[in-house]
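Letter by letter, the chains look like this.
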Amino acid sequence: MTATWDGLGLRWTVGAGTEVTVEETGTGASHPPVLVLAGGLCVVTLVPPEDQTAWAGCAVFLRRLRDHAEDLAALLEARAERTDRAQD
């Protein structure tokens, strides 16, 4: 995974060695679990809001992220398949 500044913000390019994990940060509500994307020298950590009343909204966002990641994966697989067929 590499990170670059593209003028609008940071852009993370995912590589084959990029890992995604959920990590516990401690016990109790004041130490919620986090989502970690790690690869190479870059680490991206998605941290829930400190206000627990906002956690339901965070869960909605994470499900949208999951759904759109699934959409992106399907598009990438379809394009890779078309490229493979064109090379045959």
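Residues numbered from 1 in each chain as written. Predicted model: local features only at pLDDT ≥ 70, side-chain atom pairs only at ≥ 80, totals over all residues. Heavy atoms only, no water.

Take the pairing of strand 4 (residues 34-39) next. With five bridges joining them, strand 3 (residues 19-23) and strand 4 adopt antiparallel strand pairing. The residue bridging E19 from the neighbouring strand is A38, located in strand 4. Sheet topology note: the strand 4/strand 5 (residues 42-46) ladder contains five bridges and is antiparallel. By the bridge assignment, G39 is partnered in strand 5 with C42. A loop of two residues connects strand 4 with strand 5, the two strands running antiparallel in sequence, and G40 in this loop sits at a positive phi of about 60°. (Pairing = 2+ DSSP bridges. Helix = DSSP H or I, 4+ residues; strand = E, 2+ residues; numbered from the N terminus.)

As for its position among the elements, T18 is in the loop between strand 2 (10-13) and strand 3. There is a polar contact of 3.1 Å between the side chain of T18 and the backbone nitrogen of G15. Setting aside chain neighbours within four positions, we find T18 in contact with M1, A38 and G39. (Polar contact = N/O pair within 3.5 Å; in protein donor to acceptor, adjacent residues only side chain to side chain. Contact = heavy atoms within 4.5 Å.)

Across the chain, pLDDT averages 91, with 100% of residues at or above 70. Taken element by element, the chain is modelled with least confidence in strand 1 (residues 2-5), mean pLDDT 84, and with most confidence in strand 3, mean pLDDT 95. (pLDDT = per-residue confidence, 0-100.)

On to the pairing of strand 1. Across four bridges, strand 1 lies against strand 2 in antiparallel orientation. Across the sheet, W5 pairs through a bridge with L10, a residue of strand 2. Counting the residues that bridge the hairpin from strand 1 to strand 2 gives four residues, and of these G7 lies at a positive phi of roughly 95°.

What follows deals with the pattern of salt bridges. Applying the stated rule across the entire model yields three salt bridges. We note a salt bridge from R11 to D6, for which the minimum N-O separation is 3.1 Å. Its relative accessible area of 46% is what places R11 among the partly exposed residues. Residue classification places D6 among the partly exposed residues on the basis of a relative accessible area of 35%. A salt bridge links E81 to R85; the nearest nitrogen and oxygen atoms lie 3.2 Å apart. Of this pair, E81 and R85 both sit in helix 1 (residues 55-87), four residues apart, which is roughly one turn of the helix. (Salt bridge = Lys/Arg side-chain N within 4 Å of Asp/Glu carboxyl O. Buried < 20%, exposed > 50% of the residue type's maximum accessible area, 1.4 Å probe, protein only.)

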